[in-house]
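Coordinate inspection notes
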Amino acid sequence: MYLVDVRWMKQWKKYVGFDTWDRSEVGEESANPGPIDNSNLIPSNEEEDILKDHLMEDLDYSLLPEVAWTKLSSWYGLADGSRPIGRKVIEWGMYVKHLKVEVYPIRLELGCHPLDQNKKVYKTFSRIEKMSQVKEAAKEVFEISEDKECRLWHRYMTSHYEQVKENDVLQECGIYSNQLMLLEVKNVDGTWPRATYTQGTMNPTRSSDSGASGYSSSPYNTRSSGSSGYSSFSNYGRGTAEPGLCGLQNLGNTCFMNSALQCLSNTKQLTDYFVEKSFVKHINTNNLLGMKGQLAESYAELLQTVWEEKYSCTAPRSLKNVIGKHAPQFVGYAQHDPQELLAFLLDGLHEDLNQVKIKPYVDMSIESEGRGDAEIAKEAWDKYLLKNRSVVVSLFQGQYKSTL
């Protein structure tokens, strides 16, 4: 699809009599729209394929299929300072998918270690592209040969970086425009510059150097000293720690999530269930209401980190990405209601661990027939358990009696 300035489009419609109710100027030279002028859609002095912020369809631009754009541009040409603005139609969303024109692709800042603040390179990527494509683009920009082994880091706060997994899709891992992606090239001696900067003390990590495992590497800090913008990497979060006394790094404004996770982490029976891996035998990958066990596995991985006495701080990014993938309201790094997040998390864990593999049809209607409240409540609860049986039900669910 191609974007065309809506004012040019309206003038063209008058010129050709596109609308039956507005044909007073058909063929009039005064109504000729002239060359296609998209300059109002593009920031001045910008060479990249980017648009002004907050443009709206039908108010600022019209969308044309490629065949229509090809015809119009061949007939009228392009005005000075204008250029074609093509956009992809992509499958948008992470849980509920729909087709949408990607008017604003993700624009990322690319850097190469050691970071030169005076050399900023920006490139745009579609939300459906993988991190591996971002890495290849960075290698091309910084002229890194194909035989060089590299890994990619994502700056998610001012001073913290995290290694990305190359198979991740941008829209599924909370990446947004203008974030820095840092390329790290392996040293000739087989070591990574990150390890060299920590003088032999590696940062805490739950993934291999290739980023292949499910849990992302812990961040490394940056410092303001030095022309590169950071002069060393710290062993952030590593050291002597007590089980459970592990801070959760904010990923933007995610203190709402961290507070809920810390409360849940200190629910002993639930934490023991995950840390001791009792949950594994209960994962229900066939439950249509669940998440194929992804939420349970990611939550268990976080608890392993929090309770294994190795880290004083960790970033719950893997769990955050899983939550965002299945609950689009939590995508990004904005503030939300912790109660809403906690309700979603407990419900998701319940469905991932529901031991009722095939849910039977249950008639939930109950006749009182003069029976006491306790008897009626027991019947309702027994019917509920026919379809719902998990550690979450055992620990967190029950019945209330209204006294109104």
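Residues numbered from 1 in each chain as written. Predicted model: local features only at pLDDT ≥ 70, side-chain atom pairs only at ≥ 80, totals over all residues. Heavy atoms only, no water.

Some points on the pattern of salt bridges
Inspection of every chain in the model, using the stated rule, returns twelve salt bridges. The closest approach of N and O atoms between Arg-127 and Glu-102, which form a salt bridge, is 3.1 Å. Of this pair, Arg-127 sits in the loop between strand 6 (121-125) and helix 3 (131-141) while Glu-102 sits in the loop between strand 4 (98-101) and strand 5 (106-112); the two residues are 25 residues apart in sequence, bridging distant segments of the chain. The burial state of Arg-127 is the same as that of Glu-102; both residues are buried. For Lys-378, the salt bridge is made with Asp-382, and the minimal N-O distance between the two is 2.8 Å. Residue Lys-378 and its partner Asp-382 are both found in helix 10 (residues 373-385); the two are separated by four residues, about one turn of the helix. Taking relative accessible area as the criterion, Lys-378 reaches 51% and is therefore assigned exposed. The network of salt bridges with common partners includes Arg-371, Glu-375, Glu-379 and Lys-383. (Salt bridge = Lys/Arg side-chain N within 4 Å of Asp/Glu carboxyl O. Helix = DSSP H or I, 4+ residues; strand = E, 2+ residues; numbered from the N terminus. Buried < 20%, exposed > 50% of the residue type's maximum accessible area, 1.4 Å probe, protein only.)

What to know about the side chain of Asn-38
Assignment of secondary structure puts Asn-38 in the loop between helix 1 (6-16) and strand 2 (61-64). On the basis of relative accessibility, which here comes to 0%, the residue Asn-38 falls in the buried class. A distance of 3.3 Å separates a polar side-chain atom of Asn-38 from the backbone oxygen of Leu-3. Residues within four places of Asn-38 in sequence aside, it is in contact with Leu-3, Val-4, Asp-5, Trp-69, Ser-82, Arg-83 and Ile-85. (Polar contact = N/O pair within 3.5 Å; in protein donor to acceptor, adjacent residues only side chain to side chain. Contact = heavy atoms within 4.5 Å.)

Description of the side chain of Ser-390
Topologically, Ser-390 is positioned in the loop between helix 10 and helix 11 (391-396). Residue contacts for Ser-390: discarding those within four places in its chain leaves His-350, Leu-353, Asn-354 and Gln-355.

A short note on the nonpolar core
Of all hydrophobic cores here, the largest spans 34 residues; its most connected members are Phe-274 and Tyr-299. Within the residue set of this core, elements represented by two or more residues are helix 5 (255-265), helix 6 (268-275), helix 7 (294-307), helix 8 (317-326), helix 9 (338-352) and helix 11. Residue contributions to this core peak at seven residues, all from helix 7. The contact partners of Tyr-299, leaving out residues within four places of it in the chain, are Leu-261, Leu-264, Ser-265, Leu-270, Phe-274, Leu-319 and Leu-349. Listed in part, the 21 residues of the second largest apolar core include Ile-106, Leu-108, Val-134 and Leu-152. (Core = buried A, V, L, I, M, F, W, Y, C linked by side-chain atoms within 4.5 Å.)

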